[in-house]
Structure formats: structure tokens, C-alpha cells
Amino acid sequence: MDDAKRAYRETEETAKEAWRKRDGEDLADKVGNFGDDVRKDVGNLGDDLARERPRPVADPSLPAPDTNRPR
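Everything in this summary refers to the structure shown in the same document. Owing to the predicted nature of the structure, the values given are computational and were not obtained by experimental measurement.

Here we look at the pattern of salt bridges
- According to the stated counting rule, one finds 10 salt bridges in the structure shown.
- One salt bridge in this structure joins K40 and E10, with 3.1 Å as the shortest N-O distance. Taken together, the positions of K40 in helix α2 (residues 27-52) and E10 in helix α1 (residues 2-20) put the pair 30 residues apart, joining distant regions of the chain.
- What makes K40 buried here is its relative accessible area of 14%.
- Several salt bridges share partner residues, and in doing so they unite E10, E13, K40 and D41 into one network.

Now the structure itself:
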């Protein structure tokens, strides 16, 4: 799923840059492109960190759940 989000972000950024360049490029376009790059990179970084985050381990001092008990 992260790869799909990464591809979507890249496509969205490319489309916005192409739209901004349709009438030439000025300072506002460059600032907008920079903002899009930062936003894309932060989103991708967040996905990477979430994927590598260690999963919580059950506290060994607590009793184990009774899996044989009907719910």
C-alpha cells in the first residue's frame, strides 16, 4: 500500500508541476513546486517510519489472556 501511495504522490506532484509550467515559470511556481516536493517527501518519510516502527510487546508481568474461554 505504501508503494501505491508513493506512486500517487509522485504522479500528483508531476501533474501540478506540468500545470504550473503551462504559461511559463515564475517565482510563485518555484515556491509551489518546492512545497509539493517537501510535502511528498514528508509523506513518504512518514510511511517509511511507520513501516519500520517496532510493534509493541505484551507486558510479561501481566497474566496471559485465556484463549480457551468462549466469548
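So, next bit.
A closer look at the environment of K40
- The spatial distance from the C-alpha of K40 to the C-alpha of E10 is 7.2 Å, given a sequence separation of 30 residues.
- If we skip the residues at most four places from it in the chain, K40 touches R9, E10 and E13.
- Polar side-chain contacts of K40 include one of 3.1 Å to the side chain of E10.

Observations concerning a nonpolar patch on the surface
- Where nonpolar side chains cluster on the molecular surface, the patch consists of F34, V38 and V42 and spans about 300 Å² of accessible area.
- Position of V38 relative to the elements: it lies in helix α2.
- Residue V38 is classed as partly exposed on the basis of its relative accessible area of 36%.

Some details on the packing of α1 against α2
- Packing of α1 against α2 brings their axes to within 10 Å, and their N-to-C directions diverge by 180 degrees. By the angle between their axes, α1 is roughly antiparallel relative to α2. In this structure, α1 uses D2, K5, R6, R9, E10, E13, K16, E17 and R20 to contact α2, whose residues at the interface are D29, G32, N33, D36, D37, R39, K40, G43, N44, D47, D48 and R51.
- Each residue belonging to the contact of α1 with α2 can be placed in one class, and the counts come to no nonpolar, four polar and 17 charged.

Rules and cut-offs
- One numbering rule holds for all chains: residues counted from 1, following each sequence as written.
- Local features in this predicted model are restricted to residues whose pLDDT is 70 or higher, and side-chain atom pairs enter the listing and the counts only when it is 80 or higher, whereas totals over whole chains, interfaces and linings include all residues.
- Only hydrogens and water are set aside; all other atoms, that is, all heavy atoms of the structure, feed into the side-chain values.
- One side-chain nitrogen of Lys or Arg within 4 Å of one carboxyl oxygen of Asp or Glu is enough to make a salt bridge.
- Strands here mean DSSP runs of E at least two residues long; helices mean DSSP runs of H or I at least four residues long; both are numbered from the N terminus.
- Burial classes follow relative accessibility: with a 1.4 Å probe on protein chains only, a residue under 20% of its type's maximum area counts as buried, one over 50% as exposed, and anything between as partly exposed.
- What makes two residues a contact is simply this: any of their non-hydrogen atoms within 4.5 Å.
- Here a polar contact is taken to be a pair of N or O atoms separated by no more than 3.5 Å, where protein atoms must pair a possible hydrogen donor with a possible acceptor and residues adjacent in sequence count only if both atoms sit in side chains.
- Patch membership needs two things, relative accessible area over 30% and no salt bridge, and members are linked within 9 Å if like-charged or within 5 Å if nonpolar (Val, Leu, Ile, Met, Phe, Trp, Tyr).
- For the area figures, the Shrake-Rupley method with a 1.4 Å probe applies, and any residue is considered shielded solely by the protein chains shown.
- Lines fitted to C-alpha atoms define the axes here, with helix axes fitted over just the stretch in contact, and angles between the N-to-C directions of these axes take values from 0 to 180 degrees.
- Comment on the angle field: the value is read as roughly parallel under 35 degrees, roughly antiparallel over 145, roughly perpendicular from 65 to 115, and oblique elsewhere.
- Just so you know the grouping, Ala, Val, Leu, Ile, Met, Phe, Trp, Tyr, Cys and Pro go in nonpolar, Asp, Glu, Lys and Arg go in charged, and all remaining residues, Gly too, go in polar.

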